[in-house]
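# Chains, contacts and geometry: an overview
Residue-level listing of the chains:
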Amino acid sequence: MSDRKRSTALALASALAGSAVLLAAPTAHAAVVDVAYDCKTPIGDKSAVSPIDIKAVKEGDGYKLTMSFQKGVSSSPIELGKGAMSPGAVIVVGGAEKVSVPVSGPSNPEAVPPDTPIKITDLSGTYTPKKSGKVTFTAGVLTIKAMGTTTTCTPGNNPGPSLELDVTAAGGAGGAGAQPGGDAPPDTLPQTGPTDSALALGTLGGTVLLTGAAGVLWLTRRGRRARP
């Protein structure tokens, strides 16, 4: 095989391998969702809207979930000293299975002035799927404990999911995510925006490369047949 043909073969092999990786990547979708909380506080009813972001990272047989609040919710008529407030919440899982995942986070790292929206620290917890397939993660009830009181905030606007993800249960049990007779596909973090576009373009590029490969092979065979 000539050096030119060898270089062409290596380039095609790399392109095909890259296309296979792109095509095997499971789908995921993340979005920051506005959640309108209706809060029952010791001093009466309060309401606030906070954009909520939920992320998932694969850890062993499960996923570490992180729930982030981009705006403060509720408030206190008096100053809350450093470490006086402890937050917790529930992430509602739907789709392939329906469960509730409790998440919690550290106390407020700084004092909160009176009548100021309380910034909730990131809340985290672990979700271990019992079924494979597509699941959604949606913000649920938020609980704030401070100075012997409890404030309960319930989403009042029926928010949509902040995250959709293909998950694989331990042992590959369950629905579409399971691979009978083989290994389950690798899990990836949700990707949005330009990255998703790049993935789509990469898959399209793989199709073009496959077509180009077929053309090169056809021309090579045709050249061989044309020789005396």
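Residues numbered from 1 in each chain as written. Predicted model: local features only at pLDDT ≥ 70, side-chain atom pairs only at ≥ 80, totals over all residues. Heavy atoms only, no water.

### Quick look at the confidence of the model for the protein
The share of residues in the protein with pLDDT of 70 or more is 63%, and the mean pLDDT across the chain is 73. Here helix H2 (residues 194-226) stands out as the least confident element of the protein, with mean pLDDT 35; strand E6 (residues 99-104) is the most confident, with 98. Note that pLDDT drops below 50 for residues 175-228; the model gives that stretch 46 contacts with residues more than four away or on any other chain. (pLDDT = per-residue confidence, 0-100. Helix = DSSP H or I, 4+ residues; strand = E, 2+ residues; numbered from the N terminus. Contact = heavy atoms within 4.5 Å.)

### Some remarks on the pattern of salt bridges
One pass over the structure, following the stated rule, counts three salt bridges. In this structure, the salt-bridge partner of Lys40 is Asp45, at a minimum N-O distance of 3.2 Å. Neither Lys40 nor Asp45 differs from the other in exposure class; each is exposed. Across the pair Asp53 and Lys55 runs a salt bridge whose closest N-O atoms are separated by 2.3 Å. Taking the relative accessible area as the measure of exposure, Lys55 reaches 47% and is therefore partly exposed. (Salt bridge = Lys/Arg side-chain N within 4 Å of Asp/Glu carboxyl O. Buried < 20%, exposed > 50% of the residue type's maximum accessible area, 1.4 Å probe, protein only.)

### Describing the nonpolar core
In terms of nonpolar packing, the biggest core is built from 35 residues, with Tyr37, Met67, Ile120, Tyr127, Phe137 and Leu142 touching the most fellow members. At the level of elements, strand E2 (33-41), strand E3 (44-59), strand E4 (62-69), strand E5 (85-95), E6, strand E7 (123-127), strand E8 (133-146) and strand E10 (163-167) are the ones that each hand at least two residues to this core. In terms of residue count, the dominant contributor to this core is E8 (six residues). Filtering out sequence-adjacent residues up to four positions away, Ile120 remains in contact with Phe69, Val73, Met85, Pro87, Leu142 and Ile144. (Core = buried A, V, L, I, M, F, W, Y, C linked by side-chain atoms within 4.5 Å.)

### Describing the pairing of strand E9 (residues 149-155)
Judged from the four bridges that link them, E2 and E9 form a sheet pairing that is antiparallel. Counterpart to Asp38 in the pairing with E9 is Thr154. Sheet analysis places E8 next to E9, joined by five bridges and oriented antiparallel. Directly across from Lys145, in E9, lies its bridge partner Thr150. Joining the antiparallel neighbours E8 and E9 is a turn of two residues, in which Met147 adopts a positive phi near 50 degrees. (Pairing = 2+ DSSP bridges.)

### Digging into the environment of Gly83
Mapped onto the secondary structure, Gly83 falls in the loop between E4 and E5. The class of Gly83 is partly exposed, set by a relative accessible area of 40%. It is 7.2 Å that separates the C-alpha atoms of Gly83 and Glu110, two residues lying 27 residues apart in sequence. Residues in contact with Gly83, not counting those within four places in the same chain, are Ser107 and Asn108.

### Observations concerning the environment of Gly160
Topologically, Gly160 is positioned in the loop between E9 and E10. C-alpha of Gly160 to C-alpha of Val33: the two residues are 127 residues apart in sequence and 6.9 Å apart in space. With residues up to four places along the chain from it excluded, the contact list for Gly160 reads Val33 and Thr138.

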